[in-house]
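Now for the letters of each chain:
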Amino acid sequence: MKSAITICLVPEARQGPFVFHPTGETGGLAAACRAAAELGFDAVEIFPESAEAFPAAEIGRLLREHGLGLAAVGTGAGWVKQKLHLCHADAAVRALAREFIAGIVDVAGEFGAPAIIGSMQGRSEGDVSRDEAVGFLVDALHELGARAAVHGQVLLYEPLNRYETNLFNRQGDAAAVLELEGLRHVQLLCDLFHMNIEETDVAATLEAVGSRVGHVHWADSNRRAMGLGHVNAGPIVAALRTIGYQGFLSAEVFPLPTAVEAARQTIENLRGHAVAARPPAA
Ligand code: LER
Ligand code: MN
């Protein structure tokens, strides 16, 4: 397994669960990549404003300079900034949401990274029934999964807790739909913060969904860095080893008490579980 840490490039998401933000002590891409590399992370996960605003040249240069990988790219700014989502009652808004995500699938794909559908899944509300909303989501996952496959990538679908969506809150329910719908190019993003709210047994769920696990958001119960809440990470790491998971454990957590402290806590926690072997820079 490999370690990753989140970098948000969206000023409107400054309250969000990302370690590095555009401003602050390690503000901006360059300082965040330097801090991530110095602490020994393998990769960064980026939350950009849009595909058009994705600073590809700068990211490429910084990743090469610091020997970092790109773990994944988030699409949630389409919701945060533009209020787009895949289950909107207005077909034109749904189309814009797909277009927004498709652009990020392409820029991420150029870097050999997957895009994430989290907040952009939306929810069933108003005149859109849950069945109809799930239909919209499944159609979008077919289209965008096929687009990811062109880049040799998967598309990451993230079940969220009940306060953020009423589509899929539990990994097993989402896995069943991926199976039923033959969504071969879509894998699950297992965010331990959401799972801690919704699952009966996080480790058993990871074992049950097995090869569908495509990415993990490594967060404690209170969405702080792992070790700062009440999750027992040992059985979770053991479950991931049992299913042969080789992907990223990516810290999508609040920058508490500071960004650097959250990052340091994360990498020390991962090293404690014998994940993330890369040594810190001298
Ligand atoms: C995104 O990865 C996520 O977990 C959602 O809760 C949106 O913040
Ligand atoms: Mn997440």
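Residues numbered from 1 in each chain as written. Chains lettered and ligands numbered in written order. Predicted model: local features only at pLDDT ≥ 70, side-chain atom pairs only at ≥ 80, totals over all residues. Heavy atoms only, no water.

Draft legend 1. Up close: unusual backbone geometry. With an omega dihedral of 0 degrees, the bond running from Leu256 to Pro257 counts as a cis peptide bond. Relative to the helices and strands, Pro257 is located in the loop between β8 (248–251) and α10 (259–272). Even without glycine at this site, Lys83 takes up a positive phi of about 55 degrees. Of note in the backbone geometry, Ala274 takes a positive phi value of approximately 60 degrees without being a glycine. Within the element layout of this structure, Ala274 appears in the segment after α10. (Helix = DSSP H or I, 4+ residues; strand = E, 2+ residues; numbered from the N terminus.)

Draft legend 2. Layout of the state of the cysteines. For the coordinates displayed, the defined rule picks out 0 disulfides. Unpaired in this structure, Cys8 has its nearest cysteine sulfur neighbour in Cys33, at a distance of 13 Å. (Disulfide = S-S within 2.5 Å.)

Draft legend 3. Main features of the site of ligand 1. Neighbouring ligand 1 are Ser119, Glu158, Leu160, Glu164, Asp191, His194, His217, Arg223 and Glu252. Taking 250 Å² as the accessible area of ligand 1 by itself, protein coverage stands at 86%. Looking at side-chain class alone, the shell around ligand 1 contains 1 nonpolar, 3 polar and 5 charged residues. (Near = heavy atom within 4 Å. Areas by Shrake-Rupley, 256 points an atom, 1.4 Å probe, with all protein chains shown as cover. Nonpolar A, V, L, I, M, F, W, Y, C, P; charged D, E, K, R; others polar.)

Draft legend 4. Representation of the coordination of the manganese ion (ligand 2). Taken together, Glu158 (OE), Asp191 (OD), His217 (ND1) and Glu252 (OE) make up the protein donors of the manganese ion (ligand 2), found 2.1 to 2.3 Å from the metal. Around the manganese ion (ligand 2), the 6 donor atoms are arranged such that angles at the metal cover 70 to 174 degrees; this shape is classified as octahedral. Counting along the primary sequence, the residues that act as donors to the manganese ion (ligand 2) give the motif E-x32-D-x25-H-x34-E. Of this pair, Asp191 sits in strand β6 (residues 186–191) while Glu252 sits in the loop between β8 and α10; the two residues are 61 residues apart in sequence, bridging distant segments of the chain. Judged by relative accessible area, which is 0%, Asp191 ranks as buried. (Donors = N, O, S within 2.8 Å, 3.2 Å for Na, K, Ca; no water. Tetrahedral: all angles 85-135°; square planar, octahedral: opposite > 155°, others 65-115°. Buried < 20%, exposed > 50% of the residue type's maximum accessible area, 1.4 Å probe, protein only.)

Draft legend 5. Quick look at the pairing of strand β3 (residues 69–74). Counting buried residues along β3, 5 of its 6 residues qualify, which places the element largely inside the surrounding structure. Bridging between strand β2 (residues 43–47) and β3 involves 4 bridges; their strand directions are parallel. Bridging from a neighbouring strand, Ala43 pairs with Gly69 of β3. Regarding the hand of the β-α-β motif, the stretch spanning β2, helix α2 (residues 56–66) and β3 is right-handed. Pairing of β3 with strand β4 (residues 115–117) involves 2 bridges; the strand directions are parallel. Paired with Val73 across the strands is Ala115, a residue of β4. (Pairing = 2+ DSSP bridges. Right-handed = clockwise from strand over helix to strand, strands pointing away.)

Draft legend 6. Seen up close, the sheet that holds β8. In spatial order, the strands read β1-β2-β3-β4-β5-β6-β7-β8; together these 8 strands close into a barrel with parallel pairing. Each adjacent strand pair in this sheet contributes to an overall mean axis angle of 30 degrees, direction not counted. The strands touched by helix α6 (residues 171–180) within the sheet are β5 (155–157) and β6, with β6 carrying the most contacts at an inclination of about 175 degrees. (Axes fitted to C-alpha atoms, helices over the stretch in contact; angles between N-to-C directions. Contact = heavy atoms within 4.5 Å.)

Draft legend 7. Layout of α6. If you check which residues of α6 are buried, you get Gln171, Ala174, Ala175, Val177 and Leu178. Down the axis of α6, the sector holding all buried residues measures 160 degrees, keeping them to one side. For α6, exposure combined with an orientation more than 90 degrees from the buried face picks out Glu179 and Leu180. The secondary structure elements touched by the buried residues of α6 are α5 (130–150), β5, β6, α7 (192–198) and α8 (202–209). The positive-phi residue at the C-terminal boundary of α6 is Gly182, with phi of around 65 degrees. (Arc of directions from axis to C-beta.)

Draft legend 8. View of the packing of helix α4 (residues 91–110) against α5. At a minimum axis separation of 10 Å, α4 and α5 run at an interaxial angle of 25 degrees. Put simply, α4 runs roughly parallel to α5. Relative to α5, α4 is oriented so that their crossing is right-handed. Here Arg94, Arg98, Ile101, Ala102, Val105 and Asp106 of α4 come into contact with α5, specifically with Phe136, Asp139, Ala140, Glu143, Leu144, Arg147 and Ala148. Tallied by class, the residues present in the contact of α4 with α5 amount to 7 nonpolar, no polar and 6 charged. (Parallel < 35°, antiparallel > 145°, perpendicular 65-115°, else oblique. Left-handed = near helix turned anticlockwise from the far one by under 90°.)

Draft legend 9. Focus on the pattern of salt bridges. Following the criterion strictly, the structure yields 10 salt bridges and no others. One salt bridge connects Glu143 with Arg98, and the closest N-O pair in it is separated by 2.3 Å. Taken together, the residues span a long stretch of sequence, with Glu143 in helix α5 and Arg98 in helix α4 at a distance of 45 residues. Note on Glu143: relative accessible area 39%, which makes it partly exposed. Between Asp106 and Arg147 there is a salt bridge, and its shortest N-O distance comes to 2.5 Å. (Salt bridge = Lys/Arg side-chain N within 4 Å of Asp/Glu carboxyl O.)

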